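Spelled out, the chains give:
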Amino acid sequence: MITGRLSLLIAGVVLSLSPLFVQPSHAQGGFVYAAVPGQMCSGGNPCTSAVHVYDAETARLVIRLPLPPQTAPLGIAVSRDGAYLFVSSARTIRTQPPQIVQGSMTVIEARRNRLVGTFPTGDNAGPIAVTADGSKVVIATTTAFDIDAWKGTLSVFDPISGTIVQSAGILPRVRHV
């Protein structure tokens, strides 16, 4: 039986190869969104990651929306009203130590399946959550990834301006946003 850190590492690898799913809570006959990493290119980045939009009733693929080239989706959230979809992604710029990873936030107009834009978030982007009023997206960014937790910054992204408007350090062992 595999236990301890090795089992966590294996679980992390399996999850990293799996798509991230989100469905708006009000989706009666609506859509389900999956952020799917693409096949690997040189440099360790996925070539063609995308958001797959599925019909919630038929499970039929409706459309594939491309994410920025050579990025891996790490977080996905939908606004409370279902109007916008947010996907955090990371792209490895340099694989040799010290590794350099660049984060971004892609905003999609969910009702029209239209890409609004992709905005830089700084360091490696991670888990995300939309505020209750839908006006901001909270994103965990990190300069160091530990198998046990994200270590770095909790930032507030303003989808209107496309910028990080506030940041604060987070304590080690934070697991969810």
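As the structure is a computational prediction, the values presented were derived from the model and not from experiment. (Residues numbered from 1 in each chain as written. Predicted model: local features only at pLDDT ≥ 70, side-chain atom pairs only at ≥ 80, totals over all residues. Heavy atoms only, no water.)

## Comments concerning the confidence of the model for the protein chain
Thinking step 1. Residues with a pLDDT of 70 or more make up 69% of the protein chain, whose mean pLDDT is 74.
Thinking step 2. Here helix H1 (residues 4-17) stands out as the element of the protein chain with the lowest mean pLDDT, 35, in contrast to strand E4 (residues 61-66), whose mean of 92 is the highest.
Thinking step 3. Long-range and interchain partners of residues 1-18, a stretch whose pLDDT sits below 50, account for 10 contacts in this model, where long-range means more than four residues apart.
Thinking step 4. Across residues 25-29, where pLDDT falls below 50, the model places 4 contacts with residues more than four positions away in sequence or in other chains. (pLDDT = per-residue confidence, 0-100. Helix = DSSP H or I, 4+ residues; strand = E, 2+ residues; numbered from the N terminus. Contact = heavy atoms within 4.5 Å.)

## What to know about the layout of surface pockets
Thinking step 1. Approximately 190 Å³ is the volume attributed to the second largest pocket.
Thinking step 2. Lining of the second largest pocket is provided by 13 residues; of these, Tyr84, Phe86, Gly134, Pro159 and Ile160 occupy positions nearest its centre.
Thinking step 3. The class makeup of the residues in the lining of the second largest pocket is 6 nonpolar, 3 polar and 4 charged. (1 Å grid on protein atoms, 1.4 Å probe; cavity = no way out; pocket = protein on both sides within 12 Å on 5 of 7 lines; lining within 4 Å. Points joined across faces, edges and corners; volume = space filled by probe spheres on them. Nonpolar A, V, L, I, M, F, W, Y, C, P; charged D, E, K, R; others polar.)

## Some points on the side chain of aspartate 158
Thinking step 1. Within the secondary structure, aspartate 158 sits in strand E11 (residues 149-158).
Thinking step 2. In this structure, aspartate 158 is buried with no salt-bridge partner, the nearest side chain bearing the opposite charge being lysine 136 at 4.3 Å.
Thinking step 3. Engagement of the side chain of aspartate 158 in a polar contact is seen with the side chain of serine 161, the distance being 3.2 Å.
Thinking step 4. With near-sequence residues (within four places) excluded, aspartate 158 lies in contact with Ser135, Lys136, Thr163 and Val165. (Buried < 20%, exposed > 50% of the residue type's maximum accessible area, 1.4 Å probe, protein only. Lys, Arg positive; Asp, Glu negative; His and termini not counted. Salt bridge = Lys/Arg side-chain N within 4 Å of Asp/Glu carboxyl O. Polar contact = N/O pair within 3.5 Å; in protein donor to acceptor, adjacent residues only side chain to side chain.)

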